[in-house]
Amino acid sequence: QQTTREWQQLDASHHLHPFTDFQALNKKGSRIITKASGVYLEDSDGKRILDGMAGLWCVNMGYGRQELVDAATRQMQQLPYYNLFFQTAHPPVIELATLLAEVTPSHLNHVFFTGSGSECNDTVLRMVRHYWASKGQPDKQVIISRHNAYHGSTVAGASLGGMKGMHAQGGLPIPGIVHIDQPYHFGEGQGMSAHEFGLERARQLEQKILELGVDKVAAFIGEPIQGAGGVIIPPDSYWPEIQRICDHYGILLIADEVICGFGRTGHWFASEGFGIKPDLMCLAKGITSGYLPLGAVMVSDRVAKGLVEEGGEFNHGFTYSGHPVSCAVAVANIQLMQKESIVKRVHDTIGPYLQRRWAELADHPLVGETRGLGLVAALEIVQDKQTNRRFPAQANAGMTCREFCFNNGLVMRAVGDTMIISPPLVITEEQVDELVDLARRSLDLTAEKLKG
Ligand code: PMP
């Protein structure tokens with residue numbers, strides 16, 4: 001058994017971490033997470049940490065679920081792998097496709113499987129372009145996305161994303177992707193009512209379509225709530241207007257529900273809660289509660305008909321598209337969600353409870369706004385509550401708060417000075433209390449440090 005120090009040295013010597021400042025990591029060493037149960041992680045020093053982010057927004061049904069372990073074990077013994085290319089299939093992928101058609105909105109009855117959320121977004125980019133080309137409109141190529149969106153880390157996923165600095169490395173974006181502004185009322189809409197701001201931001205889509213030409217635009221893509229960008233919950237006026245514009249101009253609407261799907265917002269899928277009817281929907285993360293990698297693109301009857309009847313062969317797919325063990329775990333996970341009525345629980349009880357407790361943090365001297373829906377929430381750290389003026393960037397307020405949280409036993413994420421949480425859907429009221437108490441204590445410590 002290695003000591004923490006030994007793990008850290010080996011890690012720093014050999015492991016290039018994703019999304020990590022290598023120099024900072026080498027100075028400090030990584031925190032080694034060794035096991036987990038329910039909503040708690042444990043590190044190599046035996047310290048317990050409440051996982052306020054459900055891993056990376058994915059461990060919805062919590063850690064250590066025997067039902068999921070059993071499903072994986074059974075499938076590994078039965079058939080650990082077979083591919084889906086060239087007219088083959090296996091029972092778990094067929095079962096999962098059928099189950100997804102049942103739990104997703106009624107017009108989404110066709111599934112293309114991938115291995116991750118990023119691969120879903122690569123798939124939709126190629127699929128919508130291929131769809132329009134098959135309809136004799138090969139110039140409809142442009143995908144409209146939004147600044148501060150996150151759609152993954154593959155070349156297409158990162159090009160669709162719009163987070164400042166994060167996605168520019170490596171010569172991105174690829175051509176044919178344009179961005180409009182995000183519906184971030186707190187950060188960019190001060191002085192306007194939320195309603196007006198939502199309409200103004202949605203109408204940027206119309207302006208962009210008219211500027212580029214309807215015959216050039218294939219689709220609009222958006223996360224119902226921008227997650228990694230800081231839990232940007234659009235005003236109520238936003239999504240209906242986006243839907244109206246897409247319908248009016250015949251532009252395909254793609255909902256990236258990689259974070260929002262599978263109960264996070266108190267609906268099976270956030271599109272239902274926001275009243276939109278996407279032509280394509282990207283799913284990953286919560287599909288297996290993070291136990292195994294898997295992604296799924298839900299395709300509407302209309303688009304599937306076009307692809308099947310006019311598209312011919314769709315030359316796209318991955319070795320791990322619809323991996324049988326991942327599919328078996330996804331089926332078990334969805335059945336577990338159904339058995340425990342987890343989505344209803346998020347909608348009716350634990351979601352409102354978390355939102356009520358989280359909103360109490362609004363009285364903290366550092367907090368300019370709290371917001372949230374279901375079991376996802378954010379707060380904005382500000383220097384001046386009256387004007388919502390931020391701390392200077394070099395104060396690193398968000399990172400400071402995140403570090404205090406982490407050292408005190410809570411995983412909370414910082415996006416600039418926006419603090420976000422997205423705990424497992426199985427969190428209890430007592431654990432929500434613990435989460436909010438730890439967050440408040442960390443805000444106190446942050447305030448003290450930034451004053452000093
Ligand atoms: N879309 C969204 C909305 C995401 O949040 C993420 C991951 N955070 C992705 C796509 C990419 O998924 P993956 O990391 O599984 O490729």
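Structure: see above.
Conventions we followed
Residues numbered from 1 in each chain as written. Predicted model: local features only at pLDDT ≥ 70, side-chain atom pairs only at ≥ 80, totals over all residues. Heavy atoms only, no water. Near = heavy atom within 4 Å. Polar contact = N/O pair within 3.5 Å; in protein donor to acceptor, adjacent residues only side chain to side chain. Areas by Shrake-Rupley, 256 points an atom, 1.4 Å probe, with all protein chains shown as cover. Helix = DSSP H or I, 4+ residues; strand = E, 2+ residues; numbered from the N terminus. Nonpolar A, V, L, I, M, F, W, Y, C, P; charged D, E, K, R; others polar. Pairing = 2+ DSSP bridges. Axes fitted to C-alpha atoms, helices over the stretch in contact; angles between N-to-C directions. Contact = heavy atoms within 4.5 Å. Expected span 1.5 Å × (residues − 1). Buried < 20%, exposed > 50% of the residue type's maximum accessible area, 1.4 Å probe, protein only. Phe/Tyr/Trp six-rings, centres within 6.5 Å; stacked < 30°, edge-to-face > 60°. Lys NZ or Arg CZ within 6 Å of the ring centre and 35° of its normal. Salt bridge = Lys/Arg side-chain N within 4 Å of Asp/Glu carboxyl O. Parallel < 35°, antiparallel > 145°, perpendicular 65-115°, else oblique. Left-handed = near helix turned anticlockwise from the far one by under 90°. Bend = angle between axes of the 7 residues up to and from the residue.

Notes on the site of the ligand
Within the structure, the ligand sits among Ser116, Gly117, Ser118, Asn121, Tyr150, His151, Gly152, Glu223, Asp256, Val258, Ile259 and Lys285. A distance of 2.7 Å separates a nitrogen atom of the ligand from a polar side-chain atom of Asp256. Starting from 390 Å² of accessible surface for the ligand in isolation, the protein chains cover 83%. Ranked by residue count, the leading element in the shell around the ligand is helix H6 (residues 117–134), at three residues. Class assignment for the residues of the shell around the ligand results in three nonpolar, six polar and three charged.

Some details on the sheet that holds strand S1 (residues 33–37)
In space, the three strands of this open sheet follow the order S1-S2-S3, with antiparallel pairing throughout. Both outer strands of the open sheet, S1 and strand S3 (48–50), are each paired with one neighbouring strand and no more. Strand-to-strand, the axes of this sheet are offset by a mean angle of 30°, without reference to chain direction. Across three bridges, the pairing between strand S2 (residues 40–43) and S3 is antiparallel. Residue pairing across strands places Tyr40 opposite Leu50, the latter belonging to S3. Contacts from helix H16 (residues 429–451) reach S2 and S3, with the element oriented near 95° to S3.

Brief notes about helix H9 (residues 194–212)
Between its terminal C-alpha atoms H9 stretches 28 Å, which fits the 27 Å expected from 19 residues at 1.5 Å a residue. Turning to H9, its buried residues are Phe197, Gly198, Leu199, Arg201, Ala202, Gln204, Leu205, Glu206, Lys208 and Ile209. Of the surrounding elements, those touching the buried residues of H9 are strand S5 (142–146), strand S6 (177–180), helix H8 (185–188), strand S7 (217–222) and helix H10 (238–249). Just past H9, the residue Gly213 takes up positive phi, approximately 100°.

Observations regarding unusual backbone geometry
With an omega dihedral of 0°, the bond running from Leu172 to Pro173 counts as a cis peptide bond. Along the chain, the position of Pro173 falls in the loop between helix H7 (155–160) and S6. Positive phi is not limited to glycine here, since Phe86 has a value of about 55°. Turning to its location among the elements, Phe86 is positioned in the loop between helix H4 (66–78) and helix H5 (91–103). Classification of Phe86 by relative accessible area gives exposed; the value is 75%. Of note in the backbone geometry, Val231 takes a positive phi value of approximately 50° without being a glycine. Residue position: Val231 is located in the loop between S7 and H10.

Some thoughts on the packing of aromatic side chains
One pass over the structure, following the stated rule, counts ten aromatic pairs. With 6.4 Å between their ring centres and 35° between their planes, Trp268 and Phe269 make a pair best called tilted. Neither Trp268 nor Phe269 differs from the other in exposure class; each is buried. Cluster of aromatic residues (ring-pair linked, three or more members): Phe220, Tyr238 and Trp239. Between Arg48 and the ring centre of Tyr40, over which it is positioned, the NZ or CZ distance is 3.8 Å.

Regarding the pattern of salt bridges
Tallied over the full model, the rule gives 24 salt bridges. With its nearest N and O atoms 3.0 Å apart, the salt bridge here joins Glu241 to Arg203. Residue Glu241 is found in helix H10, and its partner Arg203 is found in helix H9; the two are separated by 38 residues along the sequence. On the basis of relative accessibility, which here comes to 36%, the residue Arg203 falls in the partly exposed class. Its salt-bridge partner being Arg357, residue Glu360 comes within 3.1 Å of it at the nearest N-O pair. Its relative accessible area of 36% is what places Glu360 among the partly exposed residues.

Observations regarding the packing of H4 against helix H13 (residues 324–339)
The contact between H4 and H13 brings their axes to 8 Å, and the two run at 150°. As summarised for this structure, H4 and H13 are arranged roughly antiparallel, according to the angle between their axes. Note on packing geometry: the crossing formed by H4 with H13 is right-handed. Between H4 and H13, the contacting residues are Glu67, Leu68, Ala71, Ala72, Gln75 and Met76 on the first element and Pro324, Val325, Ala328, Val329, Ala332, Asn333, Leu336 and Lys339 on the second.

Points about helix H14 (residues 342–359)
Ile350 marks the point of greatest bend in H14, at about 45°, and the proline Pro352 comes within the next four residues. All buried positions along H14 are accounted for by Ile342, Val343, Val346, Ile350, Gly351, Tyr353, Leu354, Gln355, Arg357 and Trp358. Where H14 is buried, its residues touch H13, strand S11 (367–373), strand S12 (376–381), strand S14 (418–421) and H16.

Overview of the side chain of Asn333
Along the chain, Asn333 turns up in helix H13. Using a relative accessible area of 0% as the deciding quantity, one classes Asn333 as buried. In this structure Asn333 touches Met61, Leu68, Gly286, Ile287, Thr288 and Ser289, once residues within four positions along its chain are discounted.

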